[in-house]
Amino acid sequence: MDWWRSLRTQETTHSRFIGMLSLTVLTLVITFFLPPVADSQLAGGAAIAIVVLGLSWLTGWSGQISLGNSGFMAVGAYAAGIWAHHHTSTPLVFTLILALVVGGISGLIIAIPSTRLRGPYLAGMTLAFSAAVTPLAQNFSSVTGGEGGLFFNSLVTPKWFLHLFSGPYAAINANAQWSADLAVVVAGVMFFFMANLFHSRTGRAMRLVRDNDVAAELMGVNLARARTSAFVVSAAFAGIGGALYSLLQASVRPETFPIGLSITLLTLMVLGGIGTLSGAVIGGIIYSFSTNLVAHVNSLTGVNPTSNVGANMQGMIFSVLLIVTMLFAPRGIVSLKTPLRRLFRARPLAPAAKEVH
Amino acid sequence: MIRVEGLSVNFGAVKALRNVSFEAPTGQITAVLGANGAGKTTLLRTISGLVSPQSGTIHLDDVALVGMATENIARLGVGHVPEGRGVIEELTVEQNLRLGALSSKVNLNEGLEEQYARFPVLGERRRKYCATLSGGERQMLAMARALIAKPRVLLLDEPSLGLAPQVTSQLMKAIRKLCETQSLTVILVEQNAKSALRIAHQALVLHLGSVVAIGDASSVADDEDLRRYYLGVVVT
Amino acid sequence: MSVFLSSPLMHNIFAGFAQGIIYSLVALSLVIIWQSTHVLNFAQGAMAMIATYIGMTEIDRGIGYWWCVIISVVVGMTLGGVTERVLIRPLYGKPEINPIVVMIGFLGFLEALAAAIWTSTTRNIAEPFSQIYFKSNGHLVFLSSFVIFQIVLAMGIMLSVAALFRFTKLGLQLRASALAPEVSRLLGVRVSRMLTIGWTLSAGVGAIAAVIIASGNFGLFPANMDGIFVASFIAAAVGGLESPLGAVAGGLIIGLTEQFIVAYWSPDVAPLGGIIILVIALMIRPQGLFTKNTIRRV
Ligand SMILES: Nc1ncnc2c1ncn2[C@@H]1O[C@H](COP(=O)(O)OP(=O)(O)O)[C@@H](O)[C@H]1O
Ligand SMILES: [Mg+2]
């Protein structure tokens with residue numbers, strides 16, 4: 001594929017590497033100061049950020065939309081889960097790569113009939129896919145564990161890491177933080193990878209596909225292949241993100257990946273800023289701390305969190321945010337001139353999506 | 001009567017119309033001539049409210065049209081046959097005509113009779129989908145669809161485009177006749193200056209959005225320089 | 001004859017047809033919106049669900065089933081019109097994914113709102129007709145008054161919509177506005193009003209489908225239209241999103257296919273069946289099985 005070549009010829013790969021490395025290290029340092037609960041939340045957010053980034057690439061760069069990424073997450077999670085369930089001693093890297101590949105393949109299968117479709121057709125098709133995945137997992141229960149799911153324990157905290165902690169809750173602290181650090185490192189690698197993709201020839205060609213498919217075709221871009229490959233990359237990111245997400249929970253179950261998760265992913269992408277690395281980071285952070293945010297809103301408004309209204313507060317807030325952002329600031333938080341922007345080195349590495357086509 | 005004063009329209013950096021002023025009197029044909037990109041279509045679209053001008057005014061008798069919605073301008077009696085005719089191919093001939101009559105107070109059946117009498121070929125094809133019509137038939141349908149609402153003003157955007165010379169001259173004669181019998185105000189946009197000038201009362205020449213000449217059709221037709229530089233026709 | 005009517009095959013055909021006609025109805029409502037505004041309304045099912053909650057559970061049932069149906073439809077139509085004005089109107093001329101995203105947000109909002117107000121548990125609405133199967137010469141015929149009600153009402157609505165578009169002035173203006181908005185405005189058609197009317201009408205059709213669904217075994221819960229929306233979208237896409245007739249046919253095809261997969265394999269595989277049909281349909285005719293002209297922006 002083109003991007004392999006362009007990845008190496010990029011002169012600025014080096015600087016992007018340094019940038020991503022420092023961001024990752026900074027986050028790792030932060031995890032040392034967070035309580036275990038926050039560490040776990042951060043870990044989940046890192047996994048979700050990977051998925052959001054993959055979706056952001058698909059939408060922001062190739063101009064396609066997918067409501068199927070929760071389905072691709074499920075595929076990756078089951079691939080990793082089934083493997084990890086049976087082969088407890090496999091190195092984590094292998095399990096994750098497996099999820100990446102299987103996720104990508106599932107993306108290819110969906111993409112081949114879908115790339116002829118655009119906009120609403122594609123969105124509907126991918127929605128139908130993610131609606132079909134969960135029942136399928138239930139149907140093939142001998143492999144997937146059905147309703148009850150599969151359990152595995154792949155994220156074993158190494159001895160030396162345990163020794164860094166002391167006190168009565170040392171083990172809990174160490175485990176939570178080890179998980180978070182792993183997730184952050186995986187996210188760092190995937191973000192570095194995507195940063196390079198954004199800046200590669202493939203990335204530029206993809207922008208052209210999005211903005212002016214006629215021109216792209218005239219310049220020799222094979223539209224169907226470009227759209228398909230964008231889909232595959234997005235699904236692979238969802239696959240590895242989904243796998244990481246379930247490895248963190250040490251289990252995978254059908255209900256972990258409801259259709260609603262696709263909507264959440266879309267919301268996070270739009271909120272952060274479509275087509276940008278920093279937007280995906282922001283999306284991940286919002287996800288990490290969404291429960292705290294919602295608890296805060298509940299207490300501000302005096303809503304009982306265990307009441308009906310309280311239980312559905314998150315759904316209502318997220319959807320209203322999605323609508324309002326799309327109507328009034330379709331480029332997301334990264335486009336707002338706030339201190340946040342500078343904080344997350346948010347001069348987006350890629351030019352922010354003007355408008356998504 | 002249509003009165004345009006100081007009309008300017010910009011599309012970003014492109015100045016499509018620059019300070020255009022003229023009057024199109026009732027019962028007369030005003031030909032608007034000029035090369036491709038001169039701003040002719042933009043002028044008609046601005047009169048119909050599809051484009052909002054940067055400055056200037058347009059009056060239909062005493063009613064100011066700028067700022068009014070297109071459908072309300074149409075309901076005031078401004079019939080617009082757009083560039084490319086705008087026949088809705090997925091509808092039948094009669095459905096297109098009915099659509100033209102809907103927003104006016106005319107009696108639908110009488111209107112249909114009248115138009116079928118005027119353009120017999122449309123009567124023959126009333127149940128046919130418009131996708132099957134020829135260029136000339138489409139032009140007739142577009143005219144009939146505008147006329148069925150009994151407009152006071154008729155804006156015609158290059159009606160001769162794509163038509164054979166004989167059809168064009170028949171069409172021009174029909175326009176002249178209409179104008180005389182119904183005391184219509186006609187603004188006729190044409191690149192085909194020769195045939196337009198033959199029937200027009202007065203003519204206006206646009207060049208890069210500016211009016212470079214305005215006057216009697218005959219004087220414009222006789223102006224050697226205008227013909228050579230702006231109209232691209234050599235009348236021998 | 002009665003043995004044949006009570007065979008498993010006929011049972012599946014009746015059940016598939018009854019389910020399919022609901023898909024047809026929702027697919028038709030999607031086509032109406034698509035034709036008038038080129039938006040695929042992802043919140044169509046959720047809007048209908050809200051209308052059903054308001055009409056069928058909030059209102060004092062002393063006024064009777066049919067009044068509640070009418071209230072649901074009126075609420076649904078109002079919601080449709082307001083949605084077009086408030087959420088969709090600002091997005092005309094914007095990239096086509098913007099309205100998709102907004103309507104997905106609206107879908108999430110309506111479902112969360114319904115769960116917050118009415119809880120997520122299923123409510124059963126007293127059905128207007130019996131669900132007991134008929135008997136013929138001692139054999140069960142897999143038709144009940146309710147199934148017949150469902151089929152007759154759905155067909156009646158579809159025929160009314162067809163008549164509206166074919167025979168009325170309003171229908172002509174709706175079609176023209178969708179086909180050629182600018183030309184329509186030049187002819188004096190109030191196009192923006194037509195768009196609102198298109199959404200209103202479509203939401204009304206959707207509300208009737210939701211009322212029928214909620215009145216049956218399926219009951220009413222916040223996400224009860226999700227699966228129906230997906231199947232109906234597939235139905236409409238199989239027909240090409242442009243063709244009302246295609247939507248109706250697509251709905252029946254999907255309904256029957258699902259029923260046979262459920263009967264002979266497993267309900268868990270049924271959603272996949274719809275996707276496979278869509279893929280096959282796209283391979284045969286990418287522009288949709290029932291779309292006349294071959295040019296479509298896909
Ligand atoms: N919608 C538009 N956006 C941008 N430029 C336009 C638009 N419509 C017309 N123009 C420009 O305005 C100028 C006049 O166009 P037009 O009125 O169509 O000319 P004519 O009808 O005389 O050929 C041209 O340069 C054209 O490119
Ligand atoms: Mg022109």
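Residues numbered from 1 in each chain as written. Chains lettered and ligands numbered in written order. Predicted model: local features only at pLDDT ≥ 70, side-chain atom pairs only at ≥ 80, totals over all residues. Heavy atoms only, no water.

J.: Is there a simple way to explain the environment of Val29 of chain A in this structure?
T.: Looking at where Val29 of chain A falls in the secondary structure, it is placed in helix α2 (residues 13–33). Through-space distance from the C-alpha of Val29 of chain A to that of Val102 of chain A is 32 Å; in sequence the pair is 73 residues apart. (Helix = DSSP H or I, 4+ residues; strand = E, 2+ residues; numbered from the N terminus.)

J.: Got a minute to help me understand the coordination of the magnesium ion (ligand 2) in this structure?
T.: Tetrahedral coordination by four donors places them ideally at 109.5 degrees to one another around the metal; octahedral coordination by six donors ideally gives 90 or 180 degrees. The protein atoms that coordinate the magnesium ion (ligand 2) are Thr41 of chain B (OG1) and Glu83 of chain B (OE), at distances of 2.0 to 2.5 Å. Linking Thr41 of chain B in helix α1 (residues 40–47) with Glu83 of chain B in the loop between β6 (78–81) and α3 (93–102), this pair joins segments that are 42 residues apart in sequence. (Donors = N, O, S within 2.8 Å, 3.2 Å for Na, K, Ca; no water.)

J.: Which parts of the structure should I look at to understand the confidence of the model for chain C?
T.: Detailed reading of the predicted coordinates is not advisable wherever pLDDT is low. Residue and element names in this part refer to chain C. Residue-level pLDDT values for chain C average 88, and 94% of them are 70 or greater. Low pLDDT, under 50, characterises residues 294–298; the stretch is placed with 12 contacts to residues that sit more than four places away or in other chains. If you check the scores for this complex, the pTM reads 0.87 and the ipTM reads 0.93. (pLDDT = per-residue confidence, 0-100. Contact = heavy atoms within 4.5 Å.)

J.: Would you mind going over the interface of chain B and chain C with me for this structure?
T.: Quoted interface sizes are often the accessible area lost when the parts come together. Taken residue by residue, the interface counts 22 residues in chain B and 20 residues in chain C. Buried surface at the junction of chain B and chain C, summed over both partners, amounts to about 2000 Å²; 60% is from carbon and sulfur atoms. Considering only the side of chain B, the residues that lose the most area to chain C are Glu71, Leu99 and Leu102 of chain B, jointly responsible for 27% of the buried surface there. With a shortest N-O distance of 2.9 Å, Glu71 of chain B and Arg185 of chain C are connected by a salt bridge. Linking chain B with chain C are 6 residue pairs in polar contact (both at pLDDT 80 or more), by the criterion used here. Every element with two or more residues in the side of chain B that touches chain C is listed here: α2 (70–75), β6 and α3 of chain B. Residue composition of the side of chain B that touches chain C, by class: 8 nonpolar, 8 polar and 6 charged. (Buried area = accessible area lost by both parts, 1.4 Å probe. Salt bridge = Lys/Arg side-chain N within 4 Å of Asp/Glu carboxyl O. Polar contact = N/O pair within 3.5 Å; in protein donor to acceptor, adjacent residues only side chain to side chain. Nonpolar A, V, L, I, M, F, W, Y, C, P; charged D, E, K, R; others polar.)

J.: Teacher, can you tell me more about the arrangement of the chains here?
T.: The assembly contains 2 pairs of chains in contact; the pair sharing the most contacts is chains A and C. Chain B makes no contact with chain A, the minimum C-alpha separation between the two being 18 Å.

J.: Even after reading the chapter, I still don't get the pairing of β6 of chain B, so can you show me in this structure?
T.: In regular strands, side chains alternate between the two faces of the sheet. All names here are of chain B. The alternating pattern of β6 places Val78 and His80 and Gly79 and Val81 on opposite faces, both of which are buried. As defined by bridge partners, β6 adjoins strand β7 (residues 153–157) across 4 bridges and the pair is classed as parallel. The residue bridging His80 from the neighbouring strand is Leu155, located in β7. (Buried < 20%, exposed > 50% of the residue type's maximum accessible area, 1.4 Å probe, protein only. Pairing = 2+ DSSP bridges.)

J.: Looking at this model, I keep getting lost on helix α5 (residues 92–114) of chain A. Mind explaining?
T.: Taking 1.5 Å per residue as the helical rise, α5 of chain A with its 23 residues ought to reach 33 Å, and the 32 Å between its terminal C-alpha atoms agrees with that figure. The complete set of buried residues in α5 of chain A reads Leu92, Thr95, Leu96, Ala99, Gly103, Gly104, Ser106, Gly107, Ile110, Ala111, Pro113 and Ser114 of chain A. (Expected span 1.5 Å × (residues − 1).)

J.: I would appreciate a short explanation of the packing of aromatic side chains in the present structure.
T.: Within a pair of aromatic rings, the relevant descriptors are the distance that separates the centres and the angle that separates the planes. Summed over all chains, the structure comprises 22 aromatic pairs over all chains. Ring centres 5.5 Å apart and planes at 85 degrees place the aromatic pair Trp160 of chain A and Phe161 of chain A in the edge-to-face group. The exposure class assigned to Trp160 of chain A is exposed, which follows from its relative accessible area of 53%. By relative accessible area, which is 3% here, Phe161 of chain A ends up buried. Residues Phe42 of chain C and Phe229 of chain C carry aromatic rings whose centres are separated by 5.5 Å and whose planes lie at 45 degrees to one another, so their mutual orientation is tilted. Of the two residues, Phe42 of chain C sits in the loop between α2 (8–37) and α3 (44–58) while Phe229 of chain C sits in helix α10 (residues 226–239), which places them 187 residues apart along the sequence. An aromatic cluster of three or more residues is present, and its members are Tyr65, Trp66, Phe129, Phe146 and Phe149 of chain C. The ring of Trp61 of chain A has Arg207 of chain A sitting right over it, with the charged end atom 3.9 Å from the ring centre. (Phe/Tyr/Trp six-rings, centres within 6.5 Å; stacked < 30°, edge-to-face > 60°. Lys NZ or Arg CZ within 6 Å of the ring centre and 35° of its normal.)

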